Amino acid sequence: KARLPLGEELSAGSQAGPRVLVPGSGLGRLAFELSMAGYDVEGNEYSSIFLTIGDWLFNRVEAPLPLCPMSHIFSENRKLSDQYFEPSVPSPLPGPGMRAAGRKLRVVAGDFVGLYRAGGPALPADRPKLEHSE
C-alpha cells in the first residue's frame with residue numbers, strides 16, 4: 001500500500017482491508033487515491049454536476065485531453081509561451097489506472113445525512129450509485 005498521511009490510522013482496520021467512506025467526495029480525487037492505495041472506498045456526493053463529471057472522468061476518458069486555460073487571457077501571462085501552456089487532464093487517468101490495478105470505487109448519490117445514519121448506513125439495496133470496476 002502507498003503511504004498516505006492517514007495510512008497508519010486506516011491500516012489499523014480489518015485484515016480484509018480497511019473500508020473508507022468519503023462524504024462530499026466531489027470529483028473523486030481523494031477516493032481515487034485511497035482506492036489506489038488498497039482501501040475499499042465508498043464516496044458520497046450530492047451534487048449532480050460533480051457526479052456527472054466524476055462519471056465522465058472515471059468511466060469515459062481513455063486518454064489525456066489537452067487544455068489551453070490561459071489562451072484567452074493576455075494580461076496574466078509573463079511571456080507569450082505562457083498563454084498557450086497546454087496541460088493534459090486528467091492526470092493521472094483514473095479509469096484506466098484503476099482498471100490496470102484491478103481496483104474499484106463506489107460513489108453513492110444523495111444527501112449524506114439522509115443516507116448514512118448513526119450506527120451505520122441506512123441504505124436500501126437499490127440505492128443510486130456509480131461504480132467503476134474492471
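Quick note: structure is the one above.
Here the structure is a predicted model, which is why all the values come from computation and not from measurement.

Conventions adopted
Residues numbered from 1 in each chain as written. Predicted model: local features only at pLDDT ≥ 70, side-chain atom pairs only at ≥ 80, totals over all residues. Heavy atoms only, no water. Helix = DSSP H or I, 4+ residues; strand = E, 2+ residues; numbered from the N terminus. Buried < 20%, exposed > 50% of the residue type's maximum accessible area, 1.4 Å probe, protein only. Contact = heavy atoms within 4.5 Å. Core = buried A, V, L, I, M, F, W, Y, C linked by side-chain atoms within 4.5 Å. Arc of directions from axis to C-beta. Phe/Tyr/Trp six-rings, centres within 6.5 Å; stacked < 30°, edge-to-face > 60°. Salt bridge = Lys/Arg side-chain N within 4 Å of Asp/Glu carboxyl O. Pairing = 2+ DSSP bridges. Right-handed = clockwise from strand over helix to strand, strands pointing away.

Considering the overall build of the chain
Move 1: A tally of helices and strands in the chain yields 6 helices and 8 strands.
Move 2: Going from the N terminus to the C terminus, the chain shows its helices and strands as α-β-α-β-α-β-α-β-α-β-α-β-β-β.
Move 3: Burial status across the chain gives 31% buried among its 134 residues.

As for the environment of glutamate 45
Move 1: Among the secondary structure elements, glutamate 45 is positioned in strand E2 (residues 40-45).
Move 2: Accessibility expressed as a relative area gives 8% for glutamate 45, which makes it buried.
Move 3: Residues glutamate 45 and glycine 26, 19 residues apart in the sequence, show an inter-C-alpha distance of 6.1 Å.
Move 4: Apart from the residues within four sequence positions on either side, glutamate 45 is in contact with Gly24, Ser25, Gly26, Phe50, Leu51, Val107, Val108, Ala109 and Gly110.

Focus: the nonpolar core
Move 1: Val22, Leu34, Tyr39, Val41, Phe58 and Leu105 are the most contacted members of the largest nonpolar core, which totals 14 residues.
Move 2: Of all the elements in the fold, those that place two or more residues in this core are strand E1 (19-23), helix H2 (29-36), helix H3 (48-59) and strand E5 (105-109).

Section: the environment of methionine 98
Move 1: The topology assignment puts methionine 98 in helix H5 (residues 94-101).
Move 2: Separated by 65 residues in sequence, methionine 98 and glutamate 33 have C-alpha atoms that sit 10.0 Å apart.

Examining H2
Since there are 3.6 residues in each turn of an α-helix, residues three or four apart along the chain are aligned in direction.
Move 1: Taken together, the buried positions of H2 are occupied by Ala31, Phe32, Leu34 and Ser35. Buried residues of H2 fall within an arc of 165° about the axis and therefore sit on the same side.
Move 2: Glycine 38, located one to two residues past H2, shows a positive phi value of around 105°.

A look at the packing of aromatic side chains
Move 1: Following the criterion strictly, the structure yields 2 aromatic pairs and no others.
Move 2: Arranged with centres 6.1 Å apart and planes meeting at 65°, the rings of phenylalanine 32 and phenylalanine 58 form a pair that is edge-to-face. Pair noted here: phenylalanine 32 is in helix H2 and phenylalanine 58 is in helix H3, with a separation of 26 residues, a long-range link. For the pair formed by phenylalanine 32 and phenylalanine 58, the shared burial category is buried.
Move 3: Ring centres 5.1 Å apart and planes at 25° place the aromatic pair phenylalanine 112 and tyrosine 116 in the stacked group.
Move 4: Under the relative-accessibility criterion, tyrosine 116 is labelled buried at 10%.

What to know about the pattern of salt bridges
Move 1: Counted according to the given criterion, the structure contains 6 salt bridges.
Move 2: Glutamate 33 serves as the salt-bridge partner of arginine 29, at 3.2 Å between the closest nitrogen and oxygen. With arginine 29 and glutamate 33 both in helix H2 and 4 residues apart, this pair spans about one turn of that helix.
Move 3: On the accessibility criterion, arginine 29 (48% relative accessible area) is partly exposed.

Brief notes about the pairing of E1
Move 1: Burial of the side chains of E1 is restricted to one face: Val20 and Val22 are buried, whereas none of Arg19, Leu21 and Pro23 on the reverse face is.
Move 2: Strand direction decides the pairing type here: E1 and E2, joined by 5 bridges, are parallel. If you follow valine 20 over to E2, its bridge partner there is valine 41.
Move 3: The β-α-β motif built from E1, the intervening H2 and the parallel element E2 has right-handed crossover chirality.

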